[in-house]
Amino acid sequence: MDNEKSTIKPADLRGILNYVPRFLGQTFMISLDGSIVENPNLPNILLDIAVLRSLQINVVIVHGIGTQLKSLSQSRSIPISNADGSGVTDEPTLDLAIRASSRVSHQILEGLTQSGLKCAITNSIRAKPIGILKGVDYQRSGAVELIDASFLQHLIDKNIIPIIQPIGYDRNGHTLRINSDALAVEVAIALKATKILYLAETSGLLVDGTLKRQLPVEELKSLLETDISDSIERSLKQKATHALRGVMSDISRIHILDGRIHDGLISEVFSNEGVGTLIYGNEYARIRKARKDEVAQLYHLIRSSIDKEELASRDMESIENSIDSFYVYEIDGNLIGCVAIIEYPEKTDTIEISSLYVHPLYQRQGIGLKLVNFACHTGFESGAETVLALSTQSFEFFESVCGFEVSNVESLPESRKDSYKDNGRQSKILSKKLESEN
Ligand SMILES: CC(C)(COP(=O)(O)OP(=O)(O)OC[C@H]1O[C@@H](n2cnc3c(N)ncnc32)[C@H](O)[C@@H]1OP(=O)(O)O)[C@@H](O)C(=O)NCCC(=O)NCCS
């Protein structure tokens, strides 16, 4: 394993900066296996976390203790009932787990402090005993009952990185051991994190020894359901099972990657190829093509915005004529947002985002960005390289939230130049290069 060589070149900085608007203000859950905390690469991981923080990405850390628990057990000649918190935890194992947790949390705290970051070890997890399953008493093993998300969020808002141990406390304050992979998912759900990054001693999710690079959630689901031949090693299968729950609960991207690789974390987050396994869900599930019978609904949805000149003027007939280019965002059967994707026959490498609208009651929940990302994704899939947006009042949204850059009339396809001059709106022209997502 090459721990020394950096894979990031100075020129990659520009590539990294492209991702900044997409991740700005989001929360990433970083789950460190106990073995990775022992690895010489830990200081580099903590530096990578400092880079994420400098880009205004919020970070929460959950850690495991399996490796440390095993070595404590050996050095003290105290047998343990289970190392990873998924089996039975008897009293002596719990005692060692508490010691191992304190040690590991401290190591992370020390490393983050050396990287100039503020952090805090928290007791934000209320747990309940797993109890008796199939006649086996799991004793001091617990599952998450409640997460004090507002406490964690308060720390995050104060630029403090919460460090969460694989330990919880029941209603009476008694300690229970929790599996860290499961804990990472529960905390990520509670904090509405957009990513979980599992850092482990593996190049990613290996199926029959072969690394899976990208895995749609449906494929992972059927893989886990049909894996009777144990093609996935036990601890990885456990991670994958928890990842499945995470993706099904709206965490759109979960990564399993090698914590031993220098720059692995940064390369995974800021490159299209990544270095480990990316498990992804369909974050566009609520977006679909508009139907022909929805012309009137669409017109009424966007009319107030047309009146305020936020959107270019459109009547029912023009929506009807271009209904095939419209996509809608639907919640409980109601249309609450839309976007149109305009293609240009004379310039097939370019698309335009038009008629972007989100109902005021639903604004500032990330739906506008999702509609723009969806349009970019659809354009990229159909071979476009550039996306344009013309805006009179929302150019800052495109620039600061969606990562567009100010462009000029020369970037418009010929037919669009004419309508741009004719309509007199003097919209600002914005553009963005399209690339696959990570
Ligand atoms: C622009 C619009 C689609 C954004 O939808 P949204 O669902 O609120 O967007 P998101 O939740 O993804 O992003 C919200 C962020 O964008 C910012 N934003 C929204 N509209 C903005 C604008 N006109 N100028 C600057 N920033 C804007 C918000 O302040 C918010 O920032 P914050 O997260 O730092 O608080 C919505 O405001 C809208 O429908 N506006 C009227 C129609 C319009 O102008 N469409 C664009 C025509 S090209």
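Residues numbered from 1 in each chain as written. Predicted model: local features only at pLDDT ≥ 70, side-chain atom pairs only at ≥ 80, totals over all residues. Heavy atoms only, no water.

Attention shifts here to the packing of aromatic side chains. As enumerated under the stated definition, the model contains six aromatic pairs in all. Where Phe-23 meets Phe-28, the ring centres are 5.3 Å apart and the plane angle is 80 degrees; that geometry is what we call edge-to-face. Residue class for Phe-23 comes out buried when judged on its relative accessible area of 4%. Since its relative accessible area comes to 0%, Phe-28 is described here as buried. Judged by centre distance (5.4 Å) and plane angle (75 degrees), the rings of Tyr-284 and Phe-374 are edge-to-face. (Phe/Tyr/Trp six-rings, centres within 6.5 Å; stacked < 30°, edge-to-face > 60°. Buried < 20%, exposed > 50% of the residue type's maximum accessible area, 1.4 Å probe, protein only.)

As a general point, the strands of a sheet are linked pairwise by backbone hydrogen bonds and lie either parallel or antiparallel. Taking strand neighbours across the sheet as the criterion, the eight strands line up as E3-E8-E2-E1-E11-E15-E16-E14 in an open arrangement whose pairing is mixed. Across the chains shown, the open sheet's two edge strands, defined by having one partner strand only, are strand E3 (118-121) and strand E14 (214-216). When the angles between neighbouring strand axes are averaged without regard to direction, this sheet yields 20 degrees. Here strand E1 (residues 27-32) pairs with strand E11 (residues 195-200) via five bridges, running parallel. When the sheet's bridge partners are listed, Ser-31 is paired in E11 with Tyr-198. (Pairing = 2+ DSSP bridges. Helix = DSSP H or I, 4+ residues; strand = E, 2+ residues; numbered from the N terminus. Axes fitted to C-alpha atoms, helices over the stretch in contact; angles between N-to-C directions.)

Moving on, we come to the sheet that holds strand E19 (residues 334-343). Taking strand neighbours across the sheet as the criterion, the seven strands line up as E17-E18-E19-E20-E21-E23-E22 in an open arrangement whose pairing is mixed. Each of the sheet's edge strands pairs with one partner strand only, and the pair in question is strand E17 (287-289) and strand E22 (405-406). Of the pairings in the sheet, the one linking E22 to strand E23 (residues 428-433) comprises two bridges and is antiparallel in character. Opposite Val-406, over in E23, you have Leu-430 as the bridge partner.

Buried residues dominate E1, accounting for six of its six residues. Residues Thr-27, Met-29 and Ser-31 point to one face of E1 and Phe-28, Ile-30 and Leu-32 to the other, with burial holding for every one of them. Where E1 and strand E2 (residues 58-63) come together, six bridges link them in parallel fashion. Its bridge partner being in E2, Thr-27 is matched across the sheet by Asn-58.

Let us look at the domain arrangement of the chain. The domain boundaries assigned to the chain delineate domain 1 (12-280) and domain 2 (287-433). Once you take the C-alpha centre of each, domain 1 and domain 2 turn out to be 39 Å apart. (Domains from an automatic or database assignment.)

This part is about the layout of surface pockets. Its boundaries defined by the atoms lining it, the second largest pocket holds a volume of some 500 Å³. In terms of lining residues, the second largest pocket is bounded by 23 residues, among which Asp-33, Gly-66, Asp-84, Ser-235 and Lys-239 are the most central. If you tally residues by element for the lining of the second largest pocket, the top one is helix H9 (residues 234-248), at five residues. The class makeup of the residues in the lining of the second largest pocket is four nonpolar, ten polar and nine charged. (1 Å grid on protein atoms, 1.4 Å probe; cavity = no way out; pocket = protein on both sides within 12 Å on 5 of 7 lines; lining within 4 Å. Points joined across faces, edges and corners; volume = space filled by probe spheres on them. Nonpolar A, V, L, I, M, F, W, Y, C, P; charged D, E, K, R; others polar.)

Across all of its chains, the model carries 20 salt bridges by this definition. Between Arg-99 and Asp-95 there is a salt bridge whose closest N-O contact spans 3.3 Å. Pair noted here: Arg-99 and Asp-95 are both in helix H5 (residues 91-114), with a separation of four residues, about one helical turn. Note that Asp-324 and Lys-292 form a salt bridge whose closest N and O atoms lie 3.7 Å from each other. In this pair, Asp-324 is assigned in the loop between helix H12 (316-321) and strand E18 (326-331) and Lys-292 in the loop between E17 and helix H11 (295-307), connecting sequence segments 32 residues apart. Of the two residues, Asp-324 and Lys-292, neither departs from the other in class, the shared state being exposed. (Salt bridge = Lys/Arg side-chain N within 4 Å of Asp/Glu carboxyl O.)

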